[in-house]
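Structural characterization, general
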Amino acid sequence: MSVVENLLAARAAYERREWVTAYEALSDQDALDVGDFVRLGTAAFLAGCRNDAVQALQRAYRLHLDGGDPLAAAHCAFWLAMILITGGETAVGGGWVARARRLVDDEVPGDTVEHGYVLVADMYGHIAAGDFRAVAQCAREITEHGHRFGDPDLLAMGLASWGRLSLYQGRVREGLAMMDEAMVGVAAGDVSPIFAGHVYCLMIEACQEVADFGRAVEWTEALTTWCADQPGLIPFTGQCAVHRGQIMRIRGAYDEALEEFAFAVRRYVSEGSPAAAGLALAERGDVMRLRGRYDEADDAYRRAAEFGHEPQPGLALLWLARGRTAAALGAARRLLAEPRDPVHRCQVLPAAIEILSAAGRTEEAADLSVELTDTASEFGVAAVRAMAAYAAGSVALGRGDGAAAIRYLRASAREWNDLDSPYESARCAVAIGRALRALGDEESAATEIDTARCTFDQVGAVPAARAAAALLAPSEPGGLTAREVEVLRLVATGKTNREIAETLFLSEKTVARHLSNIFDKIDVTSRTAAAAFAFEKRLA
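The paragraphs below set out a description of the structure included in this document. No experiment lies behind these values; they were computed from the predicted model shown.

Observations concerning the packing of helix 21 (residues 382-398) against helix 22 (residues 402-418)
The contact between helix 21 and helix 22 brings their axes to 8 Å, and the two run at 155 degrees. With respect to their mutual orientation, helix 21 and helix 22 come out roughly antiparallel. Crossing of helix 21 against helix 22: the hand is left-handed. Counting all contacts with helix 21, which are made through Ala382, Ala383, Arg385, Ala386, Met387, Ala389, Tyr390, Ala392, Gly393, Ser394, Ala396 and Leu397, the residues of helix 22 involved are Ala404, Ala405, Tyr408, Leu409, Ala411, Ser412, Glu415 and Trp416. Among the residues making up the contact of helix 21 with helix 22, the classes are represented as 15 nonpolar, 3 polar and 2 charged.

Okay, structure coming up:
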């Protein structure tokens, strides 16, 4: 092929989004024009060759300046700033932002579409600096520029960023609506590849953060297709693997989830973004914990922390599973005490409620359950409603109110079933079984718990399966629950309701309810007769 034919073939590969082919073909040409250097820079970045992308865009920047086109040079400076800032080189990237701003202001002072692109680079600089008030202001202005100038890249990036920040301010419905609008342009193919990748990841990460698994599934499938349609694409594929793994974990496909997380870690490290590998490792830790492979879970959480990712509350739940209740309780209280926006507070509440309940802090758990219910109402997200209903059911069960527990837990189970989450559905079934048992319906209880045990076995949740099997073993005398046996033992020692409440960290009202259930189950009417039963059955 002639030089011209080779160049035309390279440009055609670029238009087909065959990034490796385009990058290699353009790199092999000597007669590139300024547009070809921009193509080379873009293809190099998307093929994972960051340094070559920087060199090509620097060449394009200089050629535009020499050719008397400062606005085009400003665009190159913008892309250089984006590549460098998102790659962790914030100081150098900030220098290119300053160059882009100077060129735009000198050439066309005032309000232009180019100013919108400078704002995007500014926004990423503010993100790196942790100045989220400035990030919010930039996001609003970028959105306005996108609308005003009909620029799909600016509109999508502005809406996605503004929507994400709205979530953190507690305006979840509004934020998700803005992000949906941003995705319209992406799905239609109007948004350029690099912006589209950023918007996809902003959207899916936000869905995961607020537990909107329905949206997460929809957009993760779209991102997977988008990545697959671009041979050789490197950026965004690590994020895509993490999101696929998260969906697989929710659906109980643990082996497949672990494969995705492992791929994500490899991809993040290879593209020079090791910090992002922490999330994938924390997700691996969660799966290992559910499978009962506690040493491997601990190792994954430790490695996540080494990459700068907070492995809580998963690590606290691991401590709880290993019987380190005090450590789990300390971590939960620390997490609750830290200032958090509504989204990140919501991520902590379910685990904190579980830990507090397991530690006998029923009333503390009850207060948090009310907070989680209020949050679920504000967010309007099915999984958060399911978490809130499960928490309320667990609290009711701890208080000895089986009827209320069943009502909440069945509502939670319906939500989890609709979300195709077998592990969470089975957890609900176990709790329903415990509530039915407390109400004296042993046959129904056994059915619920055995169904849950089968589900746990199917997904490989070994600890949960063992716990369910233990619940199916012969129960305590008189059909008493473990908590009721604890109360009865203390009654047999002569303790008052107040003393029992203090010992077990319960309210006196809860103790009285447990005592009423005990009297009914063992068919006695006095504390003396109950104590006699305890001695007869060797419970005291």
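Alright, that's what it looks like, and here's the rest.
Quick notes on helix 16 (residues 294-306)
Between the first and last C-alpha of helix 16 there are 18 Å, a value that for 13 residues agrees with the 18 Å anticipated at 1.5 Å per step. Looking at helix 16, one finds that the buried residues are Tyr294, Ala297, Ala300, Tyr301 and Ala304. The buried residues of helix 16 occupy an angular sector of 120 degrees when the element is viewed end-on, so they sit on one face. Exposed residues lying more than 90 degrees from the buried face of helix 16 are Asp295 and Glu306. Looking at the buried residues of helix 16, the elements they touch are helix 15 (277-291), helix 17 (314-321) and helix 25 (462-472).

Some words on the side chain of Asn517
As for its placement among the helices and strands, Asn517 is situated in helix 28 (residues 508-522). The class of Asn517 is buried, set by a relative accessible area of 16%. Those residues in contact with Asn517 that sit more than four places away from it in its chain are Gly400 and Glu484.

Brief notes about helix 17
In terms of burial, helix 17 is a largely internal element, 7 of the 8 residues being buried. Taken together, the buried positions of helix 17 are occupied by Gly314, Leu315, Ala316, Leu317, Leu318, Trp319 and Leu320. The first or second residue beyond helix 17 is Gly323, which carries a positive phi of 85 degrees.

What counts, and at which threshold
- Residues numbered from 1 in each chain as written.
- Predicted model: local features only at pLDDT ≥ 70, side-chain atom pairs only at ≥ 80, totals over all residues.
- Heavy atoms only, no water.
- Axes fitted to C-alpha atoms, helices over the stretch in contact; angles between N-to-C directions.
- Helix = DSSP H or I, 4+ residues; strand = E, 2+ residues; numbered from the N terminus.
- Parallel < 35°, antiparallel > 145°, perpendicular 65-115°, else oblique.
- Left-handed = near helix turned anticlockwise from the far one by under 90°.
- Contact = heavy atoms within 4.5 Å.
- Nonpolar A, V, L, I, M, F, W, Y, C, P; charged D, E, K, R; others polar.
- Expected span 1.5 Å × (residues − 1).
- Buried < 20%, exposed > 50% of the residue type's maximum accessible area, 1.4 Å probe, protein only.
- Arc of directions from axis to C-beta.

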